[in-house]
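The lines below spell out each chain.
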Amino acid sequence: MPVTVERSLGPEDVPQLVDLYETYDWWADRGETELRRALAATDEAVALRETESGDLVAAARVLTDYSYYAMVFDVIVHADRRGEGLGEELLAALVTHPPLADVDLELLSREGLVPFYEACGFEEVGAVDRPGGDPEELRFLAYRRDE
């Protein structure tokens, strides 16, 4: 099914965002109250919706100062739609998002997703120990703009 890029998410999108997060065990415990607060504090959000139904199928959030730093959070594609290229489409929409055109993008990734992000133009910078004693190591990646 075709999708449409949406370059903002608002409070009305929180229920569908909760549903999207519930398709991935990593974030299955996220609730509406916390997501409302997180979304309100998000500088930029990019999402993909099914064109016909309007259902949210992918999303990512960014915290940024619009000059030096832009940290990407919560990149997710609905479990039923993974493997269709929507992750690549979402990240392409994110890196071409006009308010972020002059800033490098950074993110933390689970080790198994590093090849996906590298295919989308991100480069691995190093490893990061996960807070809270979780044994899984995260990888720090960056999308660098050409000077």
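Not measured: the values here are computed from a predicted model.

Engineer: Please clarify how the pattern of salt bridges should be interpreted in this entry.
Structural biologist: Close approach of charged atoms allows side chains of opposite charge to pair. A complete count under the given rule lists nine salt bridges for this structure. Between arginine 144 and glutamate 106 there is a salt bridge whose closest N-O contact spans 3.4 Å. Residue arginine 144 is found in the segment after strand E7 (138-143), and its partner glutamate 106 is found in strand E5 (residues 105-110); the two are separated by 38 residues along the sequence. A relative accessible area of 39% places arginine 144 in the partly exposed class. Residue glutamate 106 is classed as buried on the basis of its relative accessible area of 15%.

Engineer: Explain the packing of aromatic side chains here, please?
Structural biologist: This structure, assessed with the given rule, holds four aromatic pairs. Seen from their ring centres, tyrosine 117 and phenylalanine 122 are 6.0 Å apart, and the 75° between their planes marks the pair as edge-to-face. As far as the burial class goes, tyrosine 117 and phenylalanine 122 line up, both buried. Joined through ring pairs, the aromatic side chains of Phe116, Tyr117, Phe122 and Tyr143 make up one cluster.

Engineer: Is there a simple way to explain the nonpolar core in this structure?
Structural biologist: Soluble globular proteins tend to bury their nonpolar side chains together. Judged by nonpolar contacts, the single largest core of 27 residues is most densely connected at Val72, Leu94, Leu105 and Phe122. The set of elements that each furnish at least two residues to this core consists of strand E2 (44-50), strand E3 (56-64), strand E4 (70-77), helix H3 (86-95), E5, helix H4 (114-119) and E7. Take this core: its biggest share by element is six residues, from H3. When sequence neighbours within four positions are dropped, the list of residues in contact with leucine 94 reads Val46, Ala60, Val62, Val72, Leu100 and Leu105.

Engineer: Teacher, can you tell me more about the packing of helix H1 (residues 14-21) against helix H2 (residues 32-40) here?
Structural biologist: When two helices pack together, their arrangement is captured by the angle between the axes and the distance separating the axes. Interaxial distance between H1 and H2 falls to 10 Å at its minimum, and their mutual angle equals 110°. In terms of their interaxial angle, H1 and H2 are classed as roughly perpendicular. Between H1 and H2 lies a crossing of right-handed hand. Every residue of H2 that contacts H1 at Val14, Pro15, Leu17, Val18 and Tyr21 is listed here: Glu32, Leu35, Arg36 and Leu39. Its residues assigned to classes, the contact of H1 with H2 comprises seven nonpolar, no polar and two charged.

Engineer: How should the sheet that holds strand E1 (residues 3-6) be read in this particular structure?
Structural biologist: Two orientations exist for strands paired in a sheet by backbone hydrogen bonds: parallel and antiparallel. Reading across from one edge, E1-E2-E3-E4-E5-E7-E6 is the order of the seven strands in this open sheet, with mixed pairing throughout. Each edge of the sheet is formed by a strand with only one pairing partner; in this case those strands are E1 and strand E6 (123-128). Along the sheet, successive strands turn relative to each other by an average axial angle of 25°, direction set aside. Against the sheet, H3 makes contact with E1, E2, E3, E4, E5 and E7, and its axis sits at roughly 140° relative to E2, the strand it touches most.

Engineer: Just to check I follow, could you spell out H1 for this structure?
Structural biologist: Since one α-helical turn is 3.6 residues long, residues separated by three or four positions face the same way. For H1, every residue scored as buried is listed here: Val14, Leu17, Val18, Leu20 and Tyr21. For H1, the angular spread of the buried residues around the axis is 160°, confining them to a single face. Residues of H1 that are buried in the fold lie against H2, E3 and E4.

Engineer: What am I meant to see in the environment of alanine 93 here?
Structural biologist: On the secondary structure map, alanine 93 appears in helix H3. Residue classification places alanine 93 among the buried residues on the basis of a relative accessible area of 5%. In the structure, alanine 93 is positioned 88 residues away from valine 5 in sequence and 7.1 Å away in space, judged by C-alpha atoms. Ignoring sequence-local partners within four residues, the contact set of alanine 93 consists of Val5, Arg7 and Val46.

Here is what the cut-offs are and how they apply
Residues numbered from 1 in each chain as written. Predicted model: local features only at pLDDT ≥ 70, side-chain atom pairs only at ≥ 80, totals over all residues. Heavy atoms only, no water. Salt bridge = Lys/Arg side-chain N within 4 Å of Asp/Glu carboxyl O. Helix = DSSP H or I, 4+ residues; strand = E, 2+ residues; numbered from the N terminus. Buried < 20%, exposed > 50% of the residue type's maximum accessible area, 1.4 Å probe, protein only. Phe/Tyr/Trp six-rings, centres within 6.5 Å; stacked < 30°, edge-to-face > 60°. Core = buried A, V, L, I, M, F, W, Y, C linked by side-chain atoms within 4.5 Å. Contact = heavy atoms within 4.5 Å. Axes fitted to C-alpha atoms, helices over the stretch in contact; angles between N-to-C directions. Parallel < 35°, antiparallel > 145°, perpendicular 65-115°, else oblique. Left-handed = near helix turned anticlockwise from the far one by under 90°. Nonpolar A, V, L, I, M, F, W, Y, C, P; charged D, E, K, R; others polar. Pairing = 2+ DSSP bridges. Arc of directions from axis to C-beta.

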